[in-house]
Amino acid sequence: QVQLVESGGGLVQPGGSLTLSCVVPRTIFTIYTMGWYRQVPGRQREMVATITSRRPASYADSLKYRFTISSDYGASTVYLQMDNLLPEDAAVYYCNAEFEGPSVPSWYERNYWGQGTQVGVSS
């Protein structure tokens with residue numbers, strides 16, 4: 001059973017910072033594209049950032065200058081550094097692993113999600 005274990009969520013004041021962490025099984029971490037997504041009730045889940053060894057990190061346009069995604073191979077962990085948080089950033093943040101390689105056997109799972117970690121931004 002593959003688990004992506006997220007942590008680091010919490011309540012922060014506007015303008016504050018949080019760092020989210022996602023611990024990933026080694027076999028997944030080394031070959032999958034890692035990413036962070038977020039969702040608020042009544043809204044569609046949206047991509048925040050993704051990272052892969054094959055391409056530069058990618059960000060949602062509105063978040064590119066405030067959020068930073070990074071990974072630590074030794075710790076098999078992906079991070080999301082969130083700076084200058086706004087109330088609009090409040091959401092449940094999900095860690096994601098997606099396989100973007102060539103065709104694989106039918107039993108091969110191409111997408112995994114964490115359980116989510118909640119981020120609140122308020123005074």
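Located above this text is the structure these notes cover.
Just so we're clear, the structure is a prediction, and the values are computed from it rather than from any experiment.

## Notes on the overall build of the protein chain
Moving on, step 1. Secondary structure assignment for the protein chain yields one helix and eleven strands.
Moving on, step 2. Ordering the α and β elements of the protein chain from the N terminus gives β-β-β-α-β-β-β-β-β-β-β-β.
Moving on, step 3. Across its three principal directions, the C-alpha atoms of the protein chain cover 50 × 30 × 25 Å.
Moving on, step 4. Here the analysis covers contacts within the protein chain between residues at least 6 apart in sequence; of these, 57% occur between residues at least 24 apart.
Moving on, step 5. Split by element, the accessible area of the protein chain, about 6,900 Å² in all, is 50% carbon and sulfur.
Moving on, step 6. Here the protein chain holds 9 positive side-chain charges and 10 negative ones, and the gap between their average locations is 4 Å.

## Considerations on the side chain of Glu-6
Moving on, step 1. Here Glu-6 shows up in strand E1 (residues 5-7).
Moving on, step 2. In terms of polar contacts, Glu-6 uses its side chain to reach the backbone amide nitrogen of Gly-116, at 2.6 Å.
Moving on, step 3. Dropping the residues within four chain positions of it, Glu-6 is found in contact with Ser-21, Cys-22, Trp-36, Tyr-93, Tyr-94, Cys-95, Gly-114, Gln-115, Gly-116 and Thr-117.

## A look at the nonpolar core
Moving on, step 1. In this structure, Trp-36, Leu-80, Met-82 and Tyr-93 are the most contacted members of the largest nonpolar core, which totals 32 residues.
Moving on, step 2. A per-element tally of this core places strand E9 (residues 91-98) first, with four residues.
Moving on, step 3. Residues in contact with Met-82, not counting those within four places in the same chain, are Gly-16, Ser-17, Leu-18, Leu-20, Arg-66, Phe-67, Tyr-93 and Val-119.

## Description of the pairing of E9
Moving on, step 1. The element E9 is extensively covered by neighbouring structure, given that six of its eight residues are classed as buried.
Moving on, step 2. Sheet topology places strand E4 (residues 33-39) next to E9; seven bridges connect them, and they run antiparallel. Looking across to E9, one finds that Gly-35 is bridged to Asn-96.
Moving on, step 3. Direction of pairing for E9 relative to strand E11 (residues 117-121): antiparallel, over a ladder of three bridges. Its bridge partner being in E11, Tyr-93 is matched across the sheet by Thr-117.
Moving on, step 4. As judged from the three bridges shared by E9 and strand E10 (residues 111-113), these two strands associate in the antiparallel manner.

## Comments concerning the sheet that holds E1
Moving on, step 1. Read from one edge to the other, the open sheet built from four strands follows the order E1-E3-E8-E7, with strand pairing classed as antiparallel. Each having just a single partner strand, E1 and strand E7 (67-72) make up the two edges of the open sheet. Geometrically, the sheet is characterised by an average inter-axis angle of 15 degrees between neighbouring strands, direction not taken into account.
Moving on, step 2. Relative to strand E8 (residues 77-82), strand E3 (residues 18-23) runs antiparallel, the two being bridged by six bridges. Residue pairing for E8: Val-23 is matched across the bridge by Thr-77.

## Looking at the environment of Glu-6
Moving on, step 1. Overall, Glu-6 belongs to the buried group, its relative accessible area being 13%.
Moving on, step 2. It is 13 Å that separates the C-alpha atoms of Glu-6 and Ala-75, two residues lying 69 residues apart in sequence.
Moving on, step 3. At a separation of 2.8 Å, a polar atom in the side chain of Glu-6 contacts the main-chain amide nitrogen of Gln-115.

## A closer look at the packing of aromatic side chains
Each aromatic ring pair is characterised by the separation of its centres together with the angle its planes make.
Moving on, step 1. In this structure the tally under the stated criterion is eight aromatic pairs.
Moving on, step 2. For the ring pair Tyr-32 and Tyr-112, a centre distance of 5.9 Å and an interplane angle of 45 degrees mean the geometry is tilted. Taken together, the residues span a long stretch of sequence, with Tyr-32 in the loop between helix H1 (26-29) and E4 and Tyr-112 in strand E10 at a distance of 80 residues.
Moving on, step 3. By the ring-pair criterion, three or more aromatic residues cluster together here, those being Tyr-32, Phe-99, Trp-107, Tyr-108 and Tyr-112.
Moving on, step 4. In this arrangement the basic side chain of Arg-45 is found over the ring face of Tyr-94, its NZ or CZ atom lying 3.7 Å from the centre.
Moving on, step 5. The positively charged end of Arg-45 is found above the aromatic ring belonging to Trp-113, 4.6 Å away from the centroid.

What counts as what
- Residues numbered from 1 in each chain as written.
- Predicted model: local features only at pLDDT ≥ 70, side-chain atom pairs only at ≥ 80, totals over all residues.
- Heavy atoms only, no water.
- Helix = DSSP H or I, 4+ residues; strand = E, 2+ residues; numbered from the N terminus.
- Contact = heavy atoms within 4.5 Å.
- Areas by Shrake-Rupley, 256 points an atom, 1.4 Å probe, with all protein chains shown as cover.
- Lys, Arg positive; Asp, Glu negative; His and termini not counted.
- Charge placed at Lys NZ, Arg CZ, Asp CG, Glu CD.
- Polar contact = N/O pair within 3.5 Å; in protein donor to acceptor, adjacent residues only side chain to side chain.
- Core = buried A, V, L, I, M, F, W, Y, C linked by side-chain atoms within 4.5 Å.
- Buried < 20%, exposed > 50% of the residue type's maximum accessible area, 1.4 Å probe, protein only.
- Pairing = 2+ DSSP bridges.
- Axes fitted to C-alpha atoms, helices over the stretch in contact; angles between N-to-C directions.
- Phe/Tyr/Trp six-rings, centres within 6.5 Å; stacked < 30°, edge-to-face > 60°.
- Lys NZ or Arg CZ within 6 Å of the ring centre and 35° of its normal.

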